[in-house]
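What the coordinates show
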Amino acid sequence: MHKSLKTKIERLALFILLSLISLAVFFPFCWLISTSLKPETQVVVYPPRLWPQTITLEAYTSIWYRIPFARFFMNTVVFAVGVTIISLTLDSFAAYAFARLQFWGRDVLFTLVLVTLMLPFQVSMVPLFSLLHRFGWLDTYAGLIIPRASNAFGIFFLRQFFRGIPVELEDAAYVDGASTWRIYWQIILPLSKPALVTLTIFHFMYNWNDFLWPLIMTTTMEMRTLPTGLALFMGQHVVEYAVLMAGVVLSLLPITLAFLAAQKYFVQGIALTGLKG
């Protein structure tokens, strides 16, 4: 077989395979959006239909008064944005120290940080809940945000990126009389924009979609986040699937827009983050 023809066949086969995989991944989202646009009477028909016979926005308008959706949304914004900002700050501090500063026990401390990545959250969940209960932080923003104020993955991720920045830039800055803080603020952070944006997306998406932690830390409807609020709504009322799917679609919009806006930096940050020891 001619080499060029063989290459075209391989590319066509790869295109078909990737198209099928993309269709399988995208199909649940199509069903989600389609269900949210159906009248409730068309959601549970048999056999099920993908496309609605009648398109309506009733679910999107009714969700705001059927459940405290606006309150859930605000709580999720405060939780996800608060954790992201604080965690980025503390993670970058620790990552810079592990990557550039020389101090006793640095490698041991970094190893301990990596060990925490191997521990499932369920191991520390009960002791952490007991501790926050003693502080009186249950059902508060402080109880939701502060335990997530730093992240071992974020420290590791930024440390790897910082180690890829040429040391000569910092040496030149030290010669010019710059302090460690000024080097961190004016040299390291500006050069680390792709990694910071990537980690921002990771933190924001993880905490926006988190279910278990807000579930155990909140006890009233006024403090519920979107994942827990929508789940509890299913258990307390007759399940209205169109309204529920509309809530899910609205909850997905912020993280989808955030990813699309930062997609270039996200790919660049993943590509440039090395795996140096």
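A short tour of the structure in this document, coming up. Owing to the predicted nature of the structure, the values given are computational and were not obtained by experimental measurement.

1. Description of the overall build of the protein
- Helices and strands together make up the secondary structure of the protein, namely 15 helices and zero strands.
- Relative to the 2.2 N^0.38 estimate, which gives 19 Å for 277 residues, the radius of gyration of the protein is 24 Å and therefore markedly larger than a compact globule would have.
- Projecting the C-alpha coordinates of the protein onto the three principal axes gives extents of approximately 75 × 75 × 35 Å.
- The 277 residues of the protein split such that 37% are buried.
- Carbon and sulfur atoms make up 71% of the accessible area of the protein, which totals about 16,400 Å².
- Side-chain charges in the protein split into 19 positive and 13 negative, and the spacing between the mean points of these groups amounts to 8 Å.

2. Looking at the pattern of salt bridges
- Evaluation of the coordinates by the stated rule reveals three salt bridges.
- Between Arg-106 and Asp-107 there is a salt bridge whose closest N-O contact spans 3.7 Å.
- When its relative accessible area of 15% is taken as the criterion, Arg-106 is described as buried.
- Since its relative accessible area comes to 54%, Asp-107 is described here as exposed.

3. Focus on the nonpolar core
- If you look at the biggest cluster of nonpolar residues, it comprises 22 residues, and the most contacted ones within it are Tyr-60, Ile-63, Ile-67, Phe-69 and Trp-208.
- Counting residues per element, the ones that place at least two in this core are α3 (58–66), α4 (69–100), α11 (193–209), α13 (226–236) and α14 (241–261).
- Looking at this core, the element that brings in the most residues is α14, giving eight residues.
- Sequence-distant contacts of Tyr-60, that is, excluding residues within four places in its chain, are made with Ser-36, Leu-37, Ala-246, Val-249 and Leu-250.
- Among the nonpolar cores identified, the runner-up in size contains 19 residues, and Ala-99, Phe-162, Tyr-184 and Leu-196 belong to it.

4. So, the packing of α4 against α11
- Contact pair α4 / α11: the axes reach a minimum separation of 9 Å and the direction vectors enclose 145°. Helix-helix and strand crossings are classified by hand; for α4 and α11 the assignment is right-handed. Between α4, through Phe-73, Thr-76, Val-77, Phe-79, Ala-80, Val-81, Val-83, Thr-84, Ser-87, Leu-88 and Asp-91, and α11, the contact on the second element is made entirely by Leu-196, Leu-199, Thr-200, His-203, Phe-204, Asn-207 and Trp-208.
- Looking at the contact of α4 with α11 residue by residue, the class counts come to 11 nonpolar, six polar and one charged.

5. Points about helix α6 (residues 121–135)
- Compared with an ideal rise of 1.5 Å per residue, which puts 15 residues at 21 Å, α6 spans 20 Å between its outermost C-alpha atoms and is within 8% of the ideal.
- After α6 finishes, the residue Gly-136 shows a positive phi value of roughly 75°.

6. Some points on unusual backbone geometry
- In the Ramachandran plot, Asp-139 falls in the positive-phi region, its phi being about 65° despite a non-glycine side chain.
- Structurally, the position occupied by Asp-139 is in the loop between α6 and α7 (141–145).
- Relative accessible area serves as the criterion here: at 18%, Asp-139 is assigned to the buried category.

7. Comments concerning the packing of aromatic side chains
- Following the criterion strictly, the structure yields 19 aromatic pairs and no others.
- Taken together, a centroid distance of 6.0 Å and an interplanar angle of 50° make the contact between Phe-27 and Trp-31 tilted. You can see Phe-27 and its partner Trp-31 sitting in helix α1 (residues 3–36), four residues apart, about one turn around the helix.
- The class for Phe-27 is partly exposed, based on a relative accessible area of 40%.
- What makes Trp-31 partly exposed here is its relative accessible area of 30%.
- Following the ring pairs from residue to residue traces out a cluster consisting of Phe-93, Tyr-96, Phe-162, Trp-181, Tyr-184 and Trp-185.
- Seen from the ring of Phe-121, Arg-148 lies directly overhead, with NZ or CZ sitting 5.9 Å from the centre.
- The ring centre of Phe-110 lies 4.1 Å from the NZ or CZ of Arg-159, which sits over that ring.

8. Let's talk about a nonpolar patch on the surface
- On the surface, Val-77, Val-81, Ile-85, Ile-86, Leu-90, Phe-93, Trp-181 and Trp-185 cluster together to form a nonpolar patch covering roughly 730 Å² of accessible area.
- Mapped onto the nonpolar patch, the elements with two or more residues apiece are α4 and α10 (180–191).
- When residues of the nonpolar patch are assigned to their parent elements, the largest contribution, six residues, is made by α4.
- By the secondary structure assignment, Ile-86 is in helix α4.

9. Quick word on the environment of Phe-204
- Mapped onto the secondary structure, Phe-204 falls in helix α11.
- Distance in space between the C-alpha atoms of Phe-204 and Met-223 is 18 Å, their sequence separation being 19 residues.
- The residues touching Phe-204, leaving out its near neighbours within four places in the chain, are Ala-80, Val-81, Thr-84, Pro-254, Ile-255 and Ala-258.

What counts, and at which threshold
- Residues numbered from 1 in each chain as written.
- Predicted model: local features only at pLDDT ≥ 70, side-chain atom pairs only at ≥ 80, totals over all residues.
- Heavy atoms only, no water.
- Helix = DSSP H or I, 4+ residues; strand = E, 2+ residues; numbered from the N terminus.
- Rg over C-alpha atoms; globule rule 2.2 N^0.38 Å.
- Buried < 20%, exposed > 50% of the residue type's maximum accessible area, 1.4 Å probe, protein only.
- Areas by Shrake-Rupley, 256 points an atom, 1.4 Å probe, with all protein chains shown as cover.
- Lys, Arg positive; Asp, Glu negative; His and termini not counted.
- Charge placed at Lys NZ, Arg CZ, Asp CG, Glu CD.
- Salt bridge = Lys/Arg side-chain N within 4 Å of Asp/Glu carboxyl O.
- Core = buried A, V, L, I, M, F, W, Y, C linked by side-chain atoms within 4.5 Å.
- Contact = heavy atoms within 4.5 Å.
- Axes fitted to C-alpha atoms, helices over the stretch in contact; angles between N-to-C directions.
- Left-handed = near helix turned anticlockwise from the far one by under 90°.
- Nonpolar A, V, L, I, M, F, W, Y, C, P; charged D, E, K, R; others polar.
- Expected span 1.5 Å × (residues − 1).
- Phe/Tyr/Trp six-rings, centres within 6.5 Å; stacked < 30°, edge-to-face > 60°.
- Lys NZ or Arg CZ within 6 Å of the ring centre and 35° of its normal.
- Patch = residues over 30% accessible without salt bridge, like charges linked within 9 Å, V, L, I, M, F, W, Y side chains within 5 Å.

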